[in-house]
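# Residue-level structural notes
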Amino acid sequence: MQAQGGRQPSPFTPGFNQTPALLVGRDEILDAGDEALATAAEDGRTPAPLLIVGARGVGKTVLLAEVASRAGQRYGWPRLHVEMSPGTPFTPTMLTACDEVGTQLEASPRRQRMRRSETVVRAQIAGVGGEMHFTPVPSATPDASGALRRSLRALMGSAVDAGAGVVVTLDEMQCAQRGELADLVAILQEGTGSGWPLLMLGAGLADMRRPDRSVSYLERADWYEIGALGPADTAEALQVPATRAGRPFDADALEYLVTRTGGYPFAIQVFGHHAWRASSGQARITLEAARSGGAMAYRRLEQGLYPNRWQQCSPKEREYLTAAALLAQEGAITGRGVADRLGLRPQQVSYLRDALIKNGTLLALDNELRFAVPGMAEWIREHHAAPLLPGERHGTGVGVPPVQSARRRADRRQRPEAQRPLGPRGGRSGPGLGK
């Protein structure tokens, strides 16, 4: 499709929570969502929750929306969505959402006009009969948990009356208070015994799996961890939308962007979009256009995503990231290598490593670390790495407070030569990404 004035709409969607033109590399989760929906809508059983964890920008929110969309298209089920925020109870938002979704179901033309004042609601869903008991329970204490229990029971009653069900999607689950989350899943667990026509989907950072945050019922959920796409999926996510829109990538341009994006789904959309814009008026996206678009994409990230991630880190976490960024230009990043740069033992900084992995800033791949967002290591080197300290040889003590550098020098003098860290194997990298 071509817009007025000859401008062709970009087939890439670089905004937040924008569904890409082609969703690749997530078939396992989508298949699990399809199976869970069929279990609820056709078998008359409440399936286990489906929970997705991963770094920011890898497409968790998009997957929630996709499964909910399929529920609407195939079964006419509405979506009840709640996005959680740090330090803010989510129950009031969920109560409001229950009322809104209940109103939609009440207006459904398929709704059976039945009294739900006490007893039993019977429903026939896809040929499977079932009974659900909804008995109003008076509450002397109008607590939030009790209100949510009553609201969800009423919602499920409306769903059964309408011959439908509800998809509950919870985003940013790592922000939820454990006690409040435990109240919600306890209610859902009660509903499982009654065969509620409900599918719960949740998403969050890996931090939501911490023992002090998780709740026992969710241990039995279906968990999926997602990250960067592989090279083949990355190439498909770039080439197929561009080809369908009438402007395919040249082979070298595609290879360039596969490397530069590192398979990070958000970066794929940002870099693809700017490569498309840079090739406006051309029949194909050339390597020159991909490089030009890549420079524009990098500027977008360094104005928004990189500084935002940096500000969310503590001062100690920033020191760790700076050491990791400096190490990245020499080769692989390892926990021991970062500790050596900081002049500390790995055990002394392992908590920082774990925190940065849990909040999605770093990724752990076998025994190596990698920045989740392509290009962030270079941005840190450009904007936050301190200059060489007097008396320090190149590659040691860079970006580290003087006290830690002094400690590192003393520690180095005490160690045998064979145990001392090697110096850098290469110089400063250029302005490209994916190093």
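Here, every reference points to the structure presented above.
Heads up: these notes are all about the structure in this document. (Residues numbered from 1 in each chain as written. Predicted model: local features only at pLDDT ≥ 70, side-chain atom pairs only at ≥ 80, totals over all residues. Heavy atoms only, no water.)

## Some points on the packing of helix H6 (residues 231-244) against helix H7 (residues 251-261)
For the pair H6 and H7, the least separation of the axes is 10 Å and the interaxial angle reads 120 degrees. It follows that H6 is oblique to H7 by the angle criterion. Crossing handedness for the pair H6 and H7: right-handed. Taking contact as the criterion, the partners of Pro231, Thr234, Ala235, Leu238 and Gln239 in H6 are, on H7, Leu254, Leu257, Val258 and Thr261. In terms of residue class, the contact of H6 with H7 is built from six nonpolar, three polar and no charged. (Axes fitted to C-alpha atoms, helices over the stretch in contact; angles between N-to-C directions. Helix = DSSP H or I, 4+ residues; strand = E, 2+ residues; numbered from the N terminus. Parallel < 35°, antiparallel > 145°, perpendicular 65-115°, else oblique. Left-handed = near helix turned anticlockwise from the far one by under 90°. Contact = heavy atoms within 4.5 Å. Nonpolar A, V, L, I, M, F, W, Y, C, P; charged D, E, K, R; others polar.)

## Considering the pattern of salt bridges
Once the charged atoms of two side chains with opposite charge are near each other, the side chains can pair. Applying the stated criterion to the full structure yields ten salt bridges. Put simply, Glu172 and Arg56 hold a salt bridge, and the shortest N to O gap is 3.2 Å. Of this pair, Glu172 sits in the loop between strand E5 (166-171) and helix H5 (178-193) while Arg56 sits in the loop between strand E1 (50-53) and helix H2 (60-75), placing them 116 residues apart in sequence. Residue Glu172 is classed as buried on the basis of its relative accessible area, which comes to 17%. We note a salt bridge from Glu190 to Arg149, for which the minimum N-O separation is 3.0 Å. Here Glu190 is found in helix H5, whereas its partner Arg149 is found in helix H4 (residues 144-161), with 41 residues between them in sequence. Of the residues examined, Glu190 reaches a relative accessible area of 39% and is grouped as partly exposed. With a relative accessible area of 22%, Arg149 lands in the partly exposed category. Ionic contacts of the salt-bridge type, sharing partners, join the residues Asp34, Glu66, Arg70 and Arg74 into one network. (Salt bridge = Lys/Arg side-chain N within 4 Å of Asp/Glu carboxyl O. Buried < 20%, exposed > 50% of the residue type's maximum accessible area, 1.4 Å probe, protein only.)

## Re the nonpolar core
Ranked by size, the top nonpolar core spans 117 residues in total, and within it Leu80, Leu218, Phe249 and Phe371 carry the most contacts. If sequence neighbours within four positions are ignored, Phe249 has contacts with Phe12, Leu238, Gln239, Ala242, Leu254, Leu257, Ala275, Arg284 and Ile285. (Core = buried A, V, L, I, M, F, W, Y, C linked by side-chain atoms within 4.5 Å.)

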